[in-house]
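Residue-level structure breakdown
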Protein chains: 2
Amino acid sequence: MRCAILGGSGFLGRHIGRSLAASGMEVWSIDRMLSAPGTAPWLAGQVHADCFDLASWWDEMGGAEVVVHLASSTVPATASEDPVEDAQTNLVGTLRLVQSLRQRQARPRFLFASSGGAVYGRPNTVPLSEDHSTLPMGAYGATKLAIEHHLRIAEAQFGLPCRILRLSNPYGEWQQPHGVQGVIAVFAHRALNGLPVDVWGDGSVVRDFVYAADVGSAFVAAARHDGRARTFNIGGGVGHSVNDIIQTLEKLLGKRVERRAHPARPFDPPVNVLDIRLAQQELRWMPQMNFEEGVAMSVQWLRTAP
Amino acid sequence: MRCAILGGSGFLGRHIGRSLAASGMEVWSIDRMLSAPGTAPWLAGQVHADCFDLASWWDEMGGAEVVVHLASSTVPATASEDPVEDAQTNLVGTLRLVQSLRQRQARPRFLFASSGGAVYGRPNTVPLSEDHSTLPMGAYGATKLAIEHHLRIAEAQFGLPCRILRLSNPYGEWQQPHGVQGVIAVFAHRALNGLPVDVWGDGSVVRDFVYAADVGSAFVAAARHDGRARTFNIGGGVGHSVNDIIQTLEKLLGKRVERRAHPARPFDPPVNVLDIRLAQQELRWMPQMNFEEGVAMSVQWLRTAP
């Protein structure tokens, strides 16, 4: 089975590609960045292309039975700053891609990485199950949600099979510590370098974290799933506060981590934890990594990262 | 109070404009079509413009305290045929408009005509209340829903006040009988001309119809509403089957209407009726027109239409 990963050179793309290859698939990465030679040995090939332009990569890799869509030009903060650009690039881009598949009568299974942190909005109940109301609080979540709807519709109307994976906060090796996302990598990097970490409010805000290799195995399961459900929460299924992260790092590093305090951000919901029972039942998937061990893997990678 | 109606020359735009003007507002129409001189005496002015391009109309009319957004380049069928074009024109267009308001620091109240027939998808319970799950079954509904989310977010993030009116199926004078929407106008026109009407399935499919002048008074109420709710169903609140419509026409015309039978369409939910209690409570709005009388108004207009 041949699989195209749109955004296969990034942090998540590497984990998912490795997992899919280990499950026996021929994995190609479609990305605007190429992985350096030798750094992604699980790949059968790479195409340097705009992943939303099907013609620029489909034939070159010989088509695919599975398309994993991880590509995004934005993060929540940049999407809020320029919602036009976010919708234009990511939503309209995905629709163009789907339209091209439709015109070629190609029907690969389409696996989409959505966001369990962004599509639900403020939780009414925790943990959040897939049928919780979806009232995104930012443009990033609104775009993810719109793509979800269009994929569901594309399956119903012209038979493009899809699975939607609503990820919580992935972390692990290859996560870059200089971005605006990825609090574990950012904090670990700063702690390793003796720098203070930024804490908004009292550090009690709770989020769901999922080890990126566990996300990889969720995509493997979703690629082969044949039940009726289409949308799955993929998370750790338990919450960790910002304070938990800091304490875990202090324990791992054997030293105190300095905090830089900022006022609480009113738009941060106090808790976001995903209910992952549907994925357990339907995908036979369970996150395997223990939190402390996973953070240790991140720290270890950051110690030796190029 | 000055009001801009985006799409003010169309069927709904005329009803809403007339209602807003009767309530004391200075009403301008922004449209790519101009109403013929004398046919829209309630208008203070018209600007022939692309309504999504704020610079092309905002200053010319001297700005607005209320913007009524009725503009759409698609209907459900055309949106499904080309979801890229639908999202590009209507969603990205609306986001561009909102972005321009944000950049000018203009904060008019933004009233958006969404679709109670398209955003919910297949009903779990009837009548549909505003907190029913939103799983649109077509691109048209997905775009309407995405615009709703972005407007909610724009209010939270930069203070553009909005009200979202989820309309059922409006009907009444000025509704053209040659479109793919507007079953009452289409059937009435065909019946008047002795032509058969097209019925898919057994005619038992039930929909919610709302007289367009009642939609006008809902916009008047929404323009002045100061409660916390942002999203309102605006419908008749009762269901009428396709057979009901035909029987009503037969009674009004005093003759039999011939039916042309087609197979049922699997994507048509059997029932869609809106729960309008929130609008009753918060907007103090109630549809005033009785169904049979409203259909008679449509028939009367079609008899004399140019």
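Everything quoted here is computed from the prediction, not taken from an experiment. (Residues numbered from 1 in each chain as written. Chains lettered and ligands numbered in written order. Predicted model: local features only at pLDDT ≥ 70, side-chain atom pairs only at ≥ 80, totals over all residues.)

Per the secondary structure count, chain A includes nine helices and 13 strands. Against the 2.2 N^0.38 benchmark of 19 Å for 306 residues, chain A shows a C-alpha radius of gyration of 19 Å, consistent with a compact globule. C-alpha extents for chain A along the principal axes are approximately 55 × 45 × 40 Å. Out of the 306 residues in chain A, the part that is buried amounts to 50%. (Helix = DSSP H or I, 4+ residues; strand = E, 2+ residues; numbered from the N terminus. Rg over C-alpha atoms; globule rule 2.2 N^0.38 Å. Buried ≥ 20, exposed ≤ 12 C-beta atoms within 10 Å, placed from the backbone.)

Turning next to the interface of chain A and chain B. Listed by partner, the interface residues are 24 residues for chain A and 24 residues for chain B. Looking at the side of chain A that touches chain B, the elements with two or more residues in it are α3 (83-103) and α4 (139-158) of chain A. Classifying every residue of the side of chain A that touches chain B gives 14 nonpolar, eight polar and two charged. (Contact = placed C-beta atoms within 7 Å. Nonpolar A, V, L, I, M, F, W, Y, C, P; charged D, E, K, R; others polar.)

It is worth spelling out the sheet that holds strand β3 (residues 43-48) of chain B at this point. Residues and elements named next belong to chain B. Reading across from one edge, β3-β2-β1-β4-β5-β6-β10 is the order of the seven strands in this open sheet, with parallel pairing throughout. For this open sheet the edge positions go to β3 and β10 (231-234), each flanked by a neighbour on one side alone. Adjacent strand axes in the sheet meet at a mean angle of 20° when their direction is disregarded. Taken together, the six bridges between strand β5 (residues 109-115) and strand β6 (residues 162-167) define a ladder with parallel strand orientation. By the bridge assignment for β6, phenylalanine 110 is matched with cysteine 162. The strands touched by helix α1 (residues 11-22) within the sheet are β1 (2-6), β2 (26-31), β3, β4 (66-69) and β5, with β2 carrying the most contacts at an inclination of about 160°. Its contacts with the sheet place helix α4 (residues 139-158) against β5, β6 and β10, and it is angled at close to 155° to β5. (Pairing = 2+ DSSP bridges. Axes fitted to C-alpha atoms, helices over the stretch in contact; angles between N-to-C directions.)

All names here are of chain A. Judged by pairing direction, the sheet is parallel, and its seven strands sit side by side in the order β3-β2-β1-β4-β5-β6-β10 without closing on themselves. The sheet is open, and its two borders are formed by β3 (43-48) and β10 (231-234), each paired with just one other strand. Shown here is a sheet whose adjacent strand axes are inclined to one another by a mean of 20°, direction ignored. The pairing of strand β6 (residues 162-167) with β10 spans four bridges and is parallel. For isoleucine 164, the partnering residue across the bridge sits in β10 and is threonine 231. Along the sheet, helix α6 (residues 212-224) makes contact with β4 (66-69), β5 (109-115), β6 and β10, crossing β6 at roughly 160°.

All names here are of chain A. The domains assigned to chain A are domain 1 (2-170 + 212-235 + 274-287) and domain 2 (171-206 + 238-272 + 292-304). Secondary structure elements with two or more residues in the side of domain 1 that touches domain 2: α1 (11-22), β7 (169-171) and α6. Broken down by element, the side of domain 1 that touches domain 2 gets its largest block of residues, three residues, from α1. Across the side of domain 1 that touches domain 2, the residue classes tally to 10 nonpolar, three polar and two charged. (Domains from an automatic or database assignment.)

Residues and elements named next belong to chain B. Between its first and last C-alpha atoms helix α9 (residues 291-304) spans 20 Å; for 14 residues at 1.5 Å apiece the expected length is 20 Å, and the two agree. Listed in full, the buried residues belonging to α9 are Gly294, Val295, Ser298 and Val299. Buried residues of α9 fall within an arc of 140° about the axis and therefore sit on the same side. Set apart from the buried face of α9 by more than 90 degrees, the exposed residues are Glu293, Arg303 and Thr304. (Expected span 1.5 Å × (residues − 1). Arc of directions from axis to C-beta.)

With omega at 0°, the peptide bond leading from Val126(A) into Pro127(A) counts as cis. In this structure, Pro127(A) sits in the loop between β5 and α4. Positive phi is not limited to glycine here, since Arg284(A) has a value of about 55°. Locating Arg284(A) in the fold gives a position in the loop between α8 (277-282) and α9 (291-304). One non-glycine residue, Trp174(B), adopts positive backbone phi at about 80°. Along the polypeptide, Trp174(B) turns up in the loop between β7 (169-171) and α5 (183-192).

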